[in-house]
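# Descriptive analysis of the structure
Listed here are the chains, written in short residue letters.
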Amino acid sequence: MEERLCQIDFVRTESNITARLQSQLGGLREFTGDTFDEVLEQVYLELMDEFEGISG
C-alpha cells in the first residue's frame, strides 16, 4: 500500500530558491536559500528529523 509522506515543491526566482515542504506530521514549511544545494540540505535535515525513528 502506498502512502504519501510529504510533498516538496521547489520554486526558483531571480534572487533565490524556495522549497515548500508539506507533510501530515509537520504541516507546511518553507525554506529559502541562494543555491539549490543550500535549500536541498535544509529540506533533507528537516525530513531526517521528522521521520527519525519511523519504520515501515
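Keep in mind that what you see is a predicted model, and the values were worked out from it rather than measured. (Residues numbered from 1 in each chain as written. Predicted model: local features only at pLDDT ≥ 70, side-chain atom pairs only at ≥ 80, totals over all residues. Heavy atoms only, no water.)

## As for a nonpolar patch on the surface
Formally: Exposure above 30% relative accessible area and the lack of any salt bridge qualify a residue for a patch; like charges then connect within 9 Å, and the nonpolar side chains Val, Leu, Ile, Met, Phe, Trp and Tyr within 5 Å. Surface exposure here means Shrake-Rupley accessible area, sampled with a 1.4 Å probe, where a residue is shielded only by the protein chains that are shown. Within this document, salt bridges are pairs made up of a side-chain nitrogen of Lys or Arg and a carboxyl oxygen of Asp or Glu, the two lying within 4 Å of each other. Only DSSP runs of H or I with at least four residues qualify as helices, and only runs of E with at least two residues qualify as strands; both kinds are numbered from the N terminus onward.
On the surface, Ile8, Phe10, Phe36 and Leu40 cluster together to form a nonpolar patch covering roughly 300 Å² of accessible area. Listed by contribution, the elements that provide at least two residues to the nonpolar patch are β1 (6-12) and α1 (36-51). In this fold, Phe10 is placed in strand β1.

## A few points about the pairing of strand β2 (residues 17-23)
Our working definition: Only protein chains enter the accessibility calculation, which uses a 1.4 Å probe; a residue is then buried when its area is under 20% of its type maximum, exposed when over 50%, and partly exposed in between. The pairing criterion for strands is at least two bridges between them, as found by DSSP.
Taking burial as the measure, the 7 residues of β2 include 5 buried ones, the bulk of the element. What sits between the antiparallel neighbours β1 and β2 is a turn of 4 residues. When β2 meets strand β3 (residues 27-33), the two strands line up antiparallel, connected through 7 bridges. In the strand pairing of β3, Thr18 is matched with Thr32. Counted between consecutive antiparallel strands, the loop separating β2 from β3 contains 3 residues.

## With respect to the environment of Gln7
In plain terms, the rule: As used in this structure description, the phrase polar contact means that two N or O atoms lie within 3.5 Å; if the pair is within protein, one of them must be able to donate a hydrogen and the other to accept it, and residues adjacent in sequence are counted only when both atoms belong to side chains.
Within the fold, Gln7 resides in strand β1. As for Gln7 and Gln22, which are separated by 15 residues in sequence, their C-alpha atoms are 5.2 Å apart. Here the side chain of Gln7 touches Asp9 through a polar contact of 3.2 Å, side chain to side chain.

## A few points about the side chain of Ser23
Short version of the rule: Between two residues, a contact is recorded if the distance between any of their heavy atoms is within 4.5 Å.
With respect to the helices, strands and loops of the structure, Ser23 is situated in strand β2. A polar side-chain atom of Ser23 sits 2.5 Å from a polar atom in the side chain of Glu50. Ser23 has contacts with Leu5, Cys6, Arg29 and Glu50, leaving out every residue within four places of it along the chain.

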